[in-house]
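A look at the structure
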Amino acid sequence: MDAERCVGSGMCVLTVGEVFDQRQGDGKAIVLRPEPPVETRDAVREAVDLCPAAAIFLSTDRRH
Ligand code: SF4
């Protein structure tokens, strides 16, 4: 999760709240579970797709 890109929309928290939360104050997302449980994988992928800032990366997606 790239906090620089995050615009604090909260979509990730709404989509998979057991993996993401938002910081008090600026509302930027934080990752609660860097290695999400298998049962949340589909929801995490959905969160990646829904993030308006493209700020969430799955480790298999990261190219750098
Ligand atoms: S969906 Fe994206 S922009 Fe919105 S809070 Fe989560 S990481 Fe930030």
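Look above for the structure.
Residues numbered from 1 in each chain as written. Predicted model: local features only at pLDDT ≥ 70, side-chain atom pairs only at ≥ 80, totals over all residues. Heavy atoms only, no water.

Attention now moves to the overall build of the protein. Broken down by element type, the protein carries two helices and two strands. The N-to-C order of helical and strand elements in the protein reads α-β-β-α. Radius of gyration (C-alpha) of the protein: 11 Å, near the 11 Å computed for a compact globule of 64 residues. For the C-alpha atoms alone, the extent of the protein along its principal axes is close to 30 × 25 × 20 Å. With 64 residues in all, the protein has 28% of them scored as buried. Counting contacts in the protein only where the partners sit at least 6 residues apart, residues at least 24 apart contribute 46% of the total. Approximately 4,400 Å² of the protein is accessible, and the part contributed by carbon and sulfur atoms is 48%. (Helix = DSSP H or I, 4+ residues; strand = E, 2+ residues; numbered from the N terminus. Rg over C-alpha atoms; globule rule 2.2 N^0.38 Å. Buried < 20%, exposed > 50% of the residue type's maximum accessible area, 1.4 Å probe, protein only. Contact = heavy atoms within 4.5 Å. Areas by Shrake-Rupley, 256 points an atom, 1.4 Å probe, with all protein chains shown as cover.)

What follows covers the site of the ligand. Taken together, 13 residues are adjacent to the ligand, and C6, S9, G10, C12 and C51 come closest. Partitioning the shell around the ligand into residue classes produces ten nonpolar, three polar and no charged. (Near = heavy atom within 4 Å. Nonpolar A, V, L, I, M, F, W, Y, C, P; charged D, E, K, R; others polar.)

Its place among the elements puts E18 in the loop between α1 (11-15) and β1 (20-22). Residue E18 is classed as partly exposed on the basis of its relative accessible area of 45%. Expressed as a C-alpha distance, the spacing of E18 and P34, which sit 16 residues apart in the sequence, is 11 Å. Excluding residues within four positions of it along the chain, E18 makes contact with L32, R33 and T40.

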